Amino acid sequence: MASTSIPSPSGAPATAPTSSTHHHPQPQSSSPPVNTVTNKDYDISHPLDPNGGAIGLRQNLTSYGDAHFSLFMRKLFIKAMGYSEDALSRPIIGIVNTYSSFNPCHANIPQLIDAVKRGVQLNGGLAIDFPTISLHESFASPTSMYLRNLMSMDTEEMVKAQPVDAVVLIGGCDKTTPAQLMGGISANKPIIHLITGPMMPGSFQGTRVGACTDCRNNWAKFRAGTLDIEDMTALNEELAPTSGTCGVMGTASTMACLLVALGLMPLSLPSATAPAVSSARLRVAEHTGALAVQLSQSQLKPQDLLTRESFLNAITVLQAIGGSTNAIVHLMAIINRHPSLAGTISLRTIDDIGRKTPLLVDLKPSGNNYMTDFHNAGGMLALLHQLRPLLHLDAMTVTGRTLGEELDSIPFRPLPSSTELSQIIHPFSSPLYPSSSLIVFDPSKSNLCPIGGAVIKASASKYRRLLQHRGQAVVFNGPADLARRIDSPDLDVTPHSVLILQHIGPIGLHSPGMPEAGMIPIPRKLAVQGVEDMLRISDGRMSGTAGGTIVLHVSPEAADPESVLGVVRDGDWIVCDVEGRSLEVELSGEEIERRKRERREEIKGASKEGEEEGNWQKRERMRGYRGLYMREVNQAEEGADFGFLTAAGPKGNEKGEGGR
């Protein structure tokens, strides 16, 4: 019989009759047919255990009640996309695709995916991308923080559901990378991060400008009358001249640096600092793909890779770069997703590390420069060499080597001290700020934040005298009240006043999501006099690109009936002592409790009279994601995560405790 050799489903040679072969009827047999299938995927005589160390397509099978049939169905559908058995037999590297036309920070993701795929396939893997939620700061209402936990859920469930041996998490904009790491730790499959990279600076009247420190500084000048509408129109064209994340040490850049410090992005290439529009960013992407294949073989999972020392290194870097205060909230949420580490690191840990860590990186808002300068000055490799005495060098990285081994093996030559770029990363002997760039107020010394504390980026203060200040409160009862009165000529305010904004915490009064409204505008009547900074206090956040003497994340938030911040009134004396870590309202304990009782009665009365209730009161009746968020979100010191998503799981909080 003439025959020709063709590939079998498993890739092994098999024979098939030629077109000239005649077929003759075969006698019927009462015995079952002999199974001659060479592809074990279809060999029903051998059990297929999708949870017993299965890899590639054989893991995480859809439940049809028959594992072999589930795999058969999966393969027939994926083959509709043109994949061969050879391709499908390789380690599968998932690529999380967070591209969106609403997200200019992620505009280069299609090119990055191509480069990652090249790196995967050059190293013997099969790269398959899949989408998740994409978040951009300016295109998420009410806030991107409100949606961070939803994105983490999306990431966790899609990573767990897909048949992937390792995953490349591509992100960039502020809440994206924290959400991906939160979900990645919970899913606990091998992960590696790839950021989109910072944008390039633009130019305005011969001066470099960039999002978004210069957005805020120039808007303040516009409010003060020193810039006009034509100036703002021109600036609007230059502040974000390319795709990529904000080009200063905002939250996106901070999280990028922390991912390197955590060991989740490679140090051998400028993975944190290469600009979004550079060829270097594409080479980082290709290398990330290669490392993902290595991870698929080593099966180094985030719950094994990340140790307490990994996070202590990240906190050291956070202080040394003068990073975003938002990173504190994100780090607490990330840590509390880790079953072995939850509860082992607190805000006190961040403050303790700050006391011995100098600010070394001269970038806005604490300094004067941009991420492109940090990149050209050596980036994270140069910084970690400076910080080496403070680091835990035995912490593991995605390469399978320790941080110390990475620093020893990667060629590094410091810039000559005579060059201008050498001043971007200061030496230990000449820091930009001596210590404690980010400070945590001690709840035991602070009656304004007696449970969860509060934070301030001291290095970004414009008037350092305000770091120790006593002044009378000017209180705004939420963003709407602020917008209505901040520029009133009748506002009773002086440069020595303390501006307080209530009800912008995780739950808030009417709008949830802890908005970045903590950088309360300087009242226009003072701005036109040249006032550029005042002590400002809120339970909300501010952009990592913002600066000023601004106290944030006050906990409990004002929406909580037990909050002290919620009962502060105009004229109360506020005392802020950053060095002493205390934040006080000069009221007796008895007066505070009296005001709380009075407030609770007012809330009850408003409900009976049909007035609109606040989020805290009506959250049990809210539907959809908003209701889930309101009922489950915890306070800033715990990361503003959902209680049921943490490593501890649901805690059965009593109604009204707000996840504390």
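In this numbering scheme, every chain counts its residues from 1 along its sequence in written order. Local features in this predicted model are restricted to residues of pLDDT 70 or higher, and side-chain atom pairs are both shown and tallied only at a pLDDT of 80 or more, whereas totals for entire chains, interfaces and linings draw on every residue. No hydrogens and no water enter the side-chain calculation; it runs on all heavy atoms of the structure.

1. Here's the deal with the overall build of the chain
Quick note on the threshold: A run of DSSP states H or I qualifies as a helix once it reaches four residues; a run of E qualifies as a strand once it reaches two. Both are numbered from the N-terminal end. Note that the radius of gyration is over C-alpha atoms, with the globule rule given as 2.2 Å times the number of residues to the power 0.38. Think of it in three bands: with a 1.4 Å probe and only protein chains considered, a residue is buried below 20% of the maximum accessible area for its type, exposed above 50%, and partly exposed in between.
Of the regular secondary structure elements, the chain holds 21 helices and 16 strands. In terms of overall dimensions, the chain is globule-like: its C-alpha atoms have a radius of gyration of 28 Å, near the 26 Å expected for 660 residues. Structurally, the chain occupies a C-alpha span of about 105 × 70 × 50 Å along its principal axes. Here the chain, with 660 residues, has 56% of them falling under the buried criterion.

2. Overview of the UniProt feature "domain: Dihydroxy-acid/6-phosphogluconate dehydratase N-terminal" (unreviewed entry) in the chain
Applied cut-off: UniProt positions are given in the numbering used here, feature names are shortened, and annotations may be inferred rather than shown by experiment.
Those places that UniProt annotates as "domain: Dihydroxy-acid/6-phosphogluconate dehydratase N-terminal" (unreviewed entry) correspond, in this numbering, to residues 90–405. A distance of 30 Å separates the end C-alpha atoms of residues 90–405, which is 48% helix and 9% strand.

3. What to know about unusual backbone geometry
Omega for the bond connecting Ala211 with Cys212 falls within 30 degrees of zero, at 0 degrees, which places this linkage in the cis form. Topologically, Cys212 is positioned in the loop between β8 (207–209) and α6 (213–224). Cis geometry marks the peptide bond from Ser555 to Pro556, where omega comes out at 5 degrees. Inspection of the secondary structure assignment puts Pro556 in the loop between β14 (550–555) and β15 (573–577). Residues other than glycine seldom take positive phi values, yet Asn60 does so here, at roughly 50 degrees. For Asn60, the location among the structural elements is in the loop between β2 (13–17) and α1 (67–78).

4. Points about the environment of His503
Counted only if it meets this: Should any heavy atoms of two residues lie within 4.5 Å, those residues are counted as being in contact.
Within the secondary structure, His503 is located in the loop between β12 (498–501) and α18 (524–527). Judged by relative accessible area, which is 8%, His503 ranks as buried. Look past the residues within four positions of His503 in its chain and what remains in contact with it is Asn477, Gly478, Pro479, Gly508, Leu509, Asp539, Ala558, Ala559 and Arg599.

5. Considering the confidence of the model for the chain
Spelled out, the test is: Every residue carries a pLDDT, the predictor's confidence in it, which falls somewhere between 0 and 100.
Per-chain confidence: the chain averages 91 in pLDDT, with 92% of residues scoring 70 or above. Scored below 50 in pLDDT, residues 1–37 shows 27 contacts in the model against residues more than four places distant or in partner chains.

6. Some thoughts on the packing of helix α8 (residues 251–261) against helix α12 (residues 326–335)
How we decide: To obtain an axis, a line is fitted to C-alpha atoms, over the contacting stretch when the element is a helix, and the angle between two such axes runs from 0 to 180 degrees between their N-to-C directions. Oblique is the label for any angle not covered by the other classes, which are roughly parallel (under 35 degrees), roughly antiparallel (over 145) and roughly perpendicular (65 to 115). When the near helix sits turned anticlockwise from the far one by under a right angle, the crossing is termed left-handed; a clockwise turn instead gives a right-handed crossing. Three residue categories are used. Nonpolar comprises Ala, Val, Leu, Ile, Met, Phe, Trp, Tyr, Cys and Pro, charged comprises Asp, Glu, Lys and Arg, and polar comprises the others, including Gly.
In contact at an axis separation of 10 Å, α8 and α12 are set at 45 degrees when each is read in the N-to-C sense. When the axes of α8 and α12 are compared, the pair comes out oblique. Relative to α12, α8 is oriented so that their crossing is right-handed. Where α8 approaches α12, its residues Thr251, Thr254, Met255 and Leu258 are matched on the opposing element by Asn326, Ala327, His330, Leu331 and Ile334. Taken together, the residues of the contact of α8 with α12 break down into five nonpolar, four polar and no charged.

7. Some remarks on the pairing of β12
Formally: Two strands qualify as a pair provided that DSSP identifies no fewer than 2 bridges between them.
Where burial is concerned, the two faces of β12 agree: the one with Val498 and Ile500 and the one with Leu499 and Leu501 are both buried. Bridge analysis of strand β11 (residues 468–476) against β12 gives four bridges, and the strand direction is parallel. Bridge pairing links Val474 to Leu499 in β12. Across four bridges, β12 lies against strand β13 (residues 535–538) in parallel orientation. Within β13, the residue paired with Leu501 across the bridge is Ser538.

8. Observations regarding the sheet that holds strand β9 (residues 438–441)
If you walk across this open sheet you meet the eight strands as β9-β10-β14-β13-β12-β11-β15-β16, and the pairing is mixed. Looking at strand neighbours, the two that pair on one side only are β9 and β16 (582–585), the edges of this open sheet. Between one strand and the next, the sheet's axes are offset by a mean angle of 25 degrees, whatever the strand orientation. Alignment of β15 against β16, held across four bridges, turns out to be antiparallel.

9. Some thoughts on the sheet that holds strand β6 (residues 191–195)
If you walk across this open sheet you meet the four strands as β4-β3-β5-β6, and the pairing is parallel. Sheet topology places β4 (126–131) and β6 at the edges, where each strand pairs with a single neighbour. Here the average twist between neighbouring strands, direction ignored, is 25 degrees. Pairing analysis gives five bridges linking strand β5 (residues 166–171) to β6, with the strands arranged parallel.

10. What to know about the nonpolar core
For clarity, the threshold we go by: Put simply, a nonpolar core is a bunch of buried Ala, Val, Leu, Ile, Met, Phe, Trp, Tyr and Cys residues held in one set by side-chain atoms that sit within 4.5 Å of each other.
Counting residues in each nonpolar core, the largest one holds 102 residues, and the members touching the most others are Val317, Phe374, Met380 and Leu383. It is helix α11 (residues 308–321) that provides the largest number of residues to this core, a total of eight residues. Counting residues in hydrophobic clusters, the runner-up holds 29 residues, among them Ile439, Ala454, Ile456 and Leu565.

11. Points about the packing of aromatic side chains
Where we set the bar: Aromatic pairing here means that ring centres of Phe, Tyr or Trp (its six-membered ring) are within 6.5 Å. Orientation follows from the plane angle: under 30 degrees is stacked, over 60 is edge-to-face, and everything else is tilted. Definition used: whenever NZ (Lys) or CZ (Arg) falls within 6 Å of the ring centre and also within 35 degrees of the ring normal, the charge is taken to sit over that ring.
This model, assessed by the stated rule, comprises 11 aromatic pairs. Ring geometry for Tyr42 and Phe72: centres 5.6 Å apart, planes at 75 degrees, overall edge-to-face. With Tyr42 in the loop between β2 and α1 and Phe72 in helix α1, this residue pair connects regions lying 30 residues apart in the sequence. Taking the relative accessible area as the measure of exposure, Tyr42 reaches 23% and is therefore partly exposed. Taken together through their ring pairs, the aromatic side chains of Tyr146, Tyr625, Tyr629, Phe642 and Phe644 make up a single cluster. Stacked on the ring of Trp573, the Lys or Arg Arg470 has its end atom at 4.0 Å from the ring centre.

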